[in-house]
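Here's the letter readout for the chains.
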Amino acid sequence: MSELLAAWPAAVGPEIARNAWPARFQRDGTLIVHTKDAVWGFELGQRAAEISERLPGKPDLKFVPGPLPEPGAEPIPATPPGSPPVTLEQQQRAAAWASGIEDEELRELVARAAALSLARRPG
């Protein structure tokens, strides 16, 4: 997710980045993007294919109203300090592994742990 979050502002531009932000991956690998409101969600949904082409891994996108980061807030790191970077492909693979877990919070924790494990795996 860190690679995607780093690419997001340049891929969508400052106006969209202030009003829409990647939130999480669904079980099927679709990237959920929170938007300021339903109007932004609708408008960006019309441009989903165009935006996806500019993002690492070209994920399917779904725009829904939801909480956005506070302006100037430090994003939560996708990986703990000192950990190797996790690629989008590793995150999607880990999300697929955890997809059978019904509890959303547990599913996300397991997917994060699996992605970190994949990133630490040698070569």
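The structure displayed is predicted, hence computed values, not measured ones.

Cut-off values and rules
Residues numbered from 1 in each chain as written. Predicted model: local features only at pLDDT ≥ 70, side-chain atom pairs only at ≥ 80, totals over all residues. Heavy atoms only, no water. pLDDT = per-residue confidence, 0-100. Helix = DSSP H or I, 4+ residues; strand = E, 2+ residues; numbered from the N terminus. Core = buried A, V, L, I, M, F, W, Y, C linked by side-chain atoms within 4.5 Å. Buried < 20%, exposed > 50% of the residue type's maximum accessible area, 1.4 Å probe, protein only. Contact = heavy atoms within 4.5 Å. Pairing = 2+ DSSP bridges.

Novice: Whenever I open this one, the confidence of the model for the protein confuses me. Can you help?
Specialist: Predicted coordinates in areas of low pLDDT are best not read in detail. Summary statistics for the protein give a mean pLDDT of 82 and a share of 86% for residues scoring 70 or more. Mean pLDDT across the elements of the protein ranges from a minimum in helix α5 (residues 88-98), with 75, to a maximum in helix α4 (residues 48-53), with 96.

Novice: Would you mind going over the nonpolar core with me for this structure?
Specialist: One finds Trp8, Val12, Leu31, Val33, Ile51, Leu61 and Phe63 to be the most contacted residues of the largest nonpolar core, which totals 18 residues. Looking at this core, the elements that each hand over two or more residues are α1 (2-12), α2 (14-19), β1 (20-25), β2 (31-35), α4 and β3 (61-65). The leading source of residues in this core is α1, at 5 residues. Residues in contact with Ile51, not counting those within four places in the same chain, are Trp8, Val12, Leu44, Leu61 and Phe63. Ala114, Ala115, Leu116 and Ala119 belong to the second-largest nonpolar core, a separate cluster that totals 6 residues.

Novice: Would you explain the pairing of β2 in this entry?
Specialist: Note on strand geometry: in a regular strand, side chains alternate between the two faces of the sheet. Where burial is concerned, most of β2 is hidden: 5 out of the 5 residues are buried. Taking every second residue as pointing to the same face, both faces of β2 are buried, with Leu31, Val33 and Thr35 on one and Ile32 and His34 on the other. The pairing of β1 with β2 spans 5 bridges and is antiparallel. Following the sheet pairing, Phe25 is matched in β2 by Leu31. Taking the residues that link successive antiparallel strands as the turn, the β1-β2 hairpin has 5 residues, and the phi of Gly29 there is positive, at about 95°. Relative to β3, β2 is paired through 5 bridges, and the arrangement is parallel. Within the sheet, the bridge partner assigned to Leu31 lies in β3 and is Leu61.

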